[in-house]
Amino acid sequence: MTVTALSDLVRPDRYPRSSGYDPAWLVGLDMGPNPLWLLEDLARDLELRPGMSVLDLGSGKGATSVFLAREYGVDVVAADWWTPAEEAAAVFAGAGVADRVRAVRAEAHALPFEPESFDAVVSIDAFEYFGTADGYLPYLVRFLRPGGQLGMATPALTREVRELGAIPAHIKRVVGWEAIAWHKAQWWRFQWEITELVDVTSARLQPDAWKDWLLWTRACAEQRPDGPEAGRPVIDMLTEDAGRFLSFALVTARRR
């Protein structure tokens, strides 16, 4: 039997919750490396309970918000700047979670919420675009209730670009200057803890993140209408890197 790249996205041994979702549905909502794998791994460091109010910040086309509502029974506000709210709402209705997920189109620096609105803020493969500025965590944490949780998964490098002196050539060819925002997990720990607003509860690199990313890219390339070669630059980047530099940082904290 031939194993297709799409079937490689079903991995109950490592991601049992994510394996309950149709990989074709998930790939159809593609906006970056497998968001459910990242979220399922990150959630192991969080305490999500039914009835909690959760902000899914940078929710993309909605897969992570569906997962949060279904798997943890939380009430979700799905906030994204690039996906129209009505488009995300259609995804939520189709997944049967429209009663627990509300779509909001919002920019991460101008969130339309009252202070202390959420028990948790979760961000999957988005924080690198808006969260690296020194003043961002103090802004974001105001939307958390005291004791509220923050968790994010973001592309990472195993060594800082400033330490290396340059973005590695095979990464720069594909992502350019954006890789300067791909920080080590310990960089994020310091960045958050220095504010004295949160206590970091976990800061780690995801094991074999590059392999997960490669499986995802191959599956997406297989399904692309413009042909599988469209995914070749990322596939070549990950293959050449083989985990030397590329990873994902998973970081969680609690508001003091």
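Counting starts from 1 at the beginning of each chain's written sequence and moves along it residue by residue. Residues qualify for local features only when their pLDDT is at least 70, as the model is predicted, and side-chain atom pairs are given and counted only at 80 or more; totals for whole chains, interfaces and linings, by contrast, use all residues. Only hydrogens and water are removed before side-chain values are computed, so all heavy atoms of the structure are retained for them.

**Q** Describe the packing of aromatic side chains, listing the residues and the values that go with them.
**A** Note on aromatic pairs: each is described by the distance of the centres and the angle between the planes. Classification of ring pairs rests on two measures: the distance between centres of Phe, Tyr or Trp rings, Trp counted by its six-membered ring, which must be within 6.5 Å, and the angle between planes, read as stacked under 30 degrees, edge-to-face over 60 and tilted in between. Scanning the model with the defined rule gives 17 aromatic pairs in all. Put simply, a charge is over a ring when the Lys NZ or the Arg CZ is close to the ring centre, within 6 Å, and near the line of the ring normal, within 35 degrees. The side chain of Arg11 reaches across the aromatic face of Trp37, ending 4.8 Å from its centre.

**Q** Break down unusual backbone geometry for me, citing the residues and quoting the values.
**A** Of all residues except glycine, most have a negative phi; of all peptide bonds, most are trans. The phi dihedral of Glu116 is positive, around 55°, even though this residue is not glycine. Think of it this way: any DSSP run of H or I at least four residues long counts as a helix, any run of E at least two long counts as a strand, and we number them from the N terminus. Among the secondary structure elements, Glu116 is positioned in the loop between strand 3 (101-105) and strand 4 (118-124). Judged by its relative accessible area of 38%, Glu116 is partly exposed. Of note in this structure, Ala242 is not a glycine but carries a positive phi near 50°. Relative to the elements of secondary structure, Ala242 occurs in the loop between helix 11 (232-241) and strand 7 (246-255). The partly exposed category is assigned to Ala242, whose relative accessible area is 43%. Residue burial is assigned from relative accessible area. The probe radius is 1.4 Å, only protein chains are included, and a residue is buried under 20% of its type maximum, exposed over 50%, and partly exposed in between.

**Q** A description of the nonpolar core should follow, citing residues and the corresponding values.
**A** Most often, soluble globular proteins have nonpolar side chains that are buried together. Within the largest apolar cluster, 59 residues are counted, with the highest numbers of intra-cluster contacts made by Leu48, Phe92 and Ile171. The greatest single-element share of this core, amounting to seven residues, is contributed by helix 10 (residues 209-223). Contact criterion: two residues are considered in contact whenever any of their non-hydrogen atoms come within 4.5 Å of each other. Here Ile171 is in contact with Leu157, Gly176, Ala179, Trp182, Met237, Asp241, Phe245 and Leu246, once residues within four sequence places are set aside. Residues belong to one nonpolar core when they are buried, are Ala, Val, Leu, Ile, Met, Phe, Trp, Tyr or Cys, and are joined through side-chain atoms within 4.5 Å. Counting 33 residues, the second largest nonpolar core, distinct from the first, contains Phe118, Phe127, Ala156 and Ala203.

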